[in-house]
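Fold and geometry: a report
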Amino acid sequence: MSRIVSIHSFRGGTGKSNVTANLTTMLAQAGKRVGVVDTDIQSPGIHVIFGLDEEKMDLALNDYLWGKCAIEKAAYDVSPATQVGPGSVTLMGGGVYLIPSSIKAGEIAKVLREGYDVGLLNDGFRELISRLSLDFLLIDTHPGLNEETLLSIAISDALLILMRPDQQDYQGTAVTVEVGQKLDVPWLRLIVNKALPSFDLGALKKRVEETYGVPVVAVLPECEEMIRLGSSSVFCLHYPDHPVTHSLREVAAQLLAQ
Amino acid sequence: MNPPEADAKQDGLPREQGAGLSMADVITLPSPLRRLVTWMMRREEVSLAEVAAFIQGDESDGRAMMDSLVAKGFVRAVQTAGSVRYRVRLAPIRGHTPMFDRLRAVDDQAADNKDPKSQP
């Protein structure tokens, strides 16, 4: 049975796309066929992590939403991007299919100006799962709350909410948790990202869980290696033994166990 | 026939007819309806028997609820092979605008239900 997983945060810069790319890669390494949709139409970016050249991006999610193509035509097999670095594993039956949003300024402006049919987005997710025989569909959302984000949350089997240990993130995360609960997401978990390594990560996890009443599946420390990589590739492929990779593997294992 | 305001108080649904449901509408629906709509969205299409089972009623209860939602333009009835299936009809996005006015209702409800969350 296929599962839809949304990765969301109330504020930008929490590391959603990097976490999404790593979880996607780990699920594919476990032999799953994984689709990734970049619904961050206003500020797309996950295609960079998977090394998808903008020049080769003939079709994007925008084209599907404007009725120019079937959604699977905007899907790119980026599995080769998971075959680099010491953490690469031959994908035995697994694969990664990315549906990027357009990076062209005019097309971003058009969506913002004219909008689109949200129902099409919902249909598109299901068509993707069916036509690409996906085991998982991960949705990399736009931060904050807008129509497509709420739709993604509403139809998700699992919702991962990212937050930083930052005063600006705390209140927004409470709103997002509230919305996830209102929309009856069956499996809702928090990831705390970019925690200072000097923090007591265990104590931070406990405090966050007590505050929101939601389990924290990972507390990821800020690390120089991630900053150095600069979204140029998928972190776990280059640092397979890093504590961040280990923590994300536990999240992937929980998704697989659902 | 009830005036629109009185009607809204009866079922908690937004009044605009035929435009479909926005997601902001969905999260501000009364709990039972919100659960029903969210459940339907996760299934793409549902049969009357499935609706009846979900609301723990019989098919006539389910039909009455679906008829009401279809009449308001929030659900579409689809004829397939002699049976009717239902799917949520979502309103198109007409350009991106801040949703904070709509979401304020959620905040207000949350404030009514519990104390503000403290910071960790």
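Residues numbered from 1 in each chain as written. Chains lettered and ligands numbered in written order. Predicted model: local features only at pLDDT ≥ 70, side-chain atom pairs only at ≥ 80, totals over all residues. Heavy atoms only, no water.

1. Examining the overall build of chain B
Rule in force here: A run of H or I in DSSP becomes a helix once it reaches four residues, and a run of E becomes a strand once it reaches two; helices and strands are each numbered from the N terminus. Three exposure classes are used, based on accessible area relative to the maximum for each residue type with a 1.4 Å probe and protein chains only: buried under 20%, partly exposed in between, and exposed over 50%. Accessible surface is estimated by sampling points in the Shrake-Rupley manner with a 1.4 Å probe; for residues, cover comes only from the protein chains shown.
Helices and strands together make up the secondary structure of chain B, namely six helices and three strands. Counting every position in chain B, which comprises 120 residues, the buried fraction comes to 38%. A total accessible area of about 6,900 Å² is found for chain B, and carbon and sulfur atoms account for 49% of it.

2. Section: the nonpolar core
Where we set the bar: We call a set of buried residues a nonpolar core when its members are Ala, Val, Leu, Ile, Met, Phe, Trp, Tyr or Cys and they connect through side-chain atoms within 4.5 Å of each other. Contacts: residue pairs with any heavy atoms within 4.5 Å of one another.
Of all hydrophobic cores here, the largest spans 71 residues; its most connected members are Leu61 and Leu128 of chain A together with Met40, Met41 and Met66 of chain B. Top element by residues in this core is helix α3 (residues 31-43) of chain B. It accounts for six residues. Residue contacts for Met66 of chain B: discarding those within four places in its chain leaves Leu36, Met40, Leu48, Val51, Val75 and Tyr86 of chain B. Grouped together as the second largest cluster of nonpolar side chains are 42 residues, Ile49, Leu98, Ala218 and Val244 of chain A included.

3. A few points about the sheet that holds strand β3 (residues 83-88) of chain B
All names here are of chain B. Going by this rule: The criterion for strand pairing is that DSSP finds at least two bridges linking the strands in question.
Taken in spatial order, the three strands of this open sheet run β1-β3-β2, and their pairing is antiparallel. The sheet is open, and its two borders are formed by β1 (46-47) and β2 (75-80), each paired with just one other strand. One ladder, built from six bridges, connects β2 with β3; its direction is antiparallel. Looking at the pairing, Val75 lines up with Val88 of β3.

4. Some thoughts on the environment of Met226 of chain A
Residues and elements named next belong to chain A. You can see Met226 is positioned in helix α9 (residues 224-229). Sequence separation of Met226 and Asp53 is 173 residues, and the distance between their C-alpha atoms is 21 Å. Ignoring sequence-local partners within four residues, the contact set of Met226 consists of Asn18, Phe235 and Val244.

5. Considering the sheet that holds strand β2 (residues 33-38) of chain A
All names here are of chain A. Test applied: Each axis is a line fitted through C-alpha atoms, taken for helices only over the stretch in contact, and angles between the N-to-C directions span 0 to 180 degrees.
Sheet architecture is open: eight strands sit in the order β3-β4-β2-β5-β1-β6-β7-β8, paired in mixed fashion. Of all strands in the sheet, those with a lone pairing partner are β3 (76-77) and β8 (216-221), marking the two edges. Bridge count between β2 and strand β4 (residues 95-99): five bridges; the pairing is parallel. Looking at the pairing, Val36 lines up with Leu98 of β4. Each of β1 (3-8), β2, β4, β5 (136-140), β6 (158-163), β7 (187-195) and β8 is contacted by helix α1 (residues 16-29), which is oriented at about 170° to β5, the strand it contacts most.

6. Examining the packing of aromatic side chains
Our working rule: Pairing of aromatic rings covers Phe, Tyr and Trp, the last counted by its six-membered ring, and requires centre-to-centre distances within 6.5 Å; plane angles under 30 degrees mean stacked, over 60 mean edge-to-face, and any other angle means tilted.
Enumeration over the complete set of coordinates arrives at two aromatic pairs over all chains. Plain terms: the ring middles of Phe235 of chain A and Tyr239 of chain A are 4.9 Å apart, the flat faces sit at 25° to each other, and that makes the pair stacked. Its relative accessible area of 27% is what places Tyr239 of chain A among the partly exposed residues. Arranged with centres 4.4 Å apart and planes meeting at 15°, the rings of Trp39 of chain B and Phe54 of chain B form a pair that is stacked. Here Phe54 of chain B lies in helix α4 (residues 48-54) and Trp39 of chain B lies in helix α3, a separation of 15 residues in the sequence.

7. What to know about the pattern of salt bridges
So the rule is basically this: Here a salt bridge means any side-chain nitrogen of Lys or Arg lying within 4 Å of a carboxyl oxygen belonging to Asp or Glu.
Considering all chains together, one arrives at 13 salt bridges over all chains under this definition. Arg85 of chain B is the salt-bridge partner of Glu45 of chain B, the closest N and O atoms lying 3.6 Å from each other. Of the two residues, Glu45 of chain B sits in the loop between α3 and β1 while Arg85 of chain B sits in strand β3, which places them 40 residues apart along the sequence. When salt bridges with common partners are traced through the structure, they connect Asp123 of chain A together with Glu45, Glu50, Arg85 and Arg87 of chain B into a single cluster.

8. Details of the state of the cysteines
Inclusion rule: The disulfide criterion is simple: two cysteine sulfur atoms within 2.5 Å.
Enumeration over the complete set of coordinates arrives at zero disulfides over all chains. Left unpaired, Cys223 of chain A is separated from the closest cysteine sulfur, that of Cys236 of chain A, by 12 Å.

9. Side note on the packing of helix α6 (residues 147-154) of chain A against α3 of chain B
Using the following cut-off: Orientation categories follow fixed angle ranges, with anything under 35 degrees roughly parallel, anything over 145 roughly antiparallel, 65 to 115 roughly perpendicular, and all other angles oblique. When residues are sorted by character, Ala, Val, Leu, Ile, Met, Phe, Trp, Tyr, Cys and Pro go into the nonpolar class, Asp, Glu, Lys and Arg into the charged class, and all the rest, Gly among them, into the polar class.
Running from N to C, α6 of chain A and α3 of chain B point in directions that differ by 80°, and their axes come no closer than 9 Å. As the angle between them shows, α6 of chain A and α3 of chain B are arranged roughly perpendicular. Contact residues: Leu151, Ile153 and Ala154 of chain A in α6 of chain A; Thr38, Met41 and Arg42 of chain B in α3 of chain B. Among the residues forming the contact of α6 of chain A with α3 of chain B, the class breakdown is four nonpolar, one polar and one charged.

10. Remarks on helix α5 (residues 118-131) of chain A
All names here are of chain A. Where we set the bar: What a helix is expected to span follows from its residue count: subtract one and scale by 1.5 Å. N or O atoms closer than or at 3.5 Å make up a polar contact, with two conditions inside protein: a donor-capable atom paired with an acceptor-capable one, and, for residues adjacent in sequence, both atoms drawn from side chains.
With 14 residues, α5 should reach 20 Å at 1.5 Å per residue; the first-to-last C-alpha distance of 20 Å fits that figure. Taken residue by residue, α5 has Val118, Gly119, Leu121, Asn122, Gly124, Phe125, Arg126, Leu128 and Ile129 as its buried positions. Near the N-terminus of α5, the side chain that reaches the backbone nitrogen of Gly119, with its oxygen 2.9 Å away, is that of Asp117. Where α5 terminates, the next one or two residues include Ser133, which has phi positive at roughly 50°.

11. What to know about the pairing of β8 of chain A
Residues and elements named next belong to chain A. Across the six residues of β8, six count as buried, placing the element largely inside the fold. With four bridges connecting them, β7 and β8 associate as parallel partners. What sits directly across from Ile191, in β8, is Ala218.

12. A look at the pairing of β7 of chain A
Residues and elements named next belong to chain A. Formally: If you view a crossover with the strands going away from you and the path from the first strand over the helix to the second runs clockwise, you call it right-handed.
Where burial is concerned, most of β7 is hidden: eight out of the nine residues are buried. For β6 and β7, the ladder comprises six bridges, and the chain directions are parallel. Across the sheet, the residue bridging to Leu160 is Arg189, located in β7. Since β6 and β7 lie parallel, the crossover through helix α7 (residues 167-182) that links them has a hand, and here it is right-handed. Considered for its hand, the β-α-β crossover made up of β7, helix α8 (residues 201-212) and β8 is right-handed.

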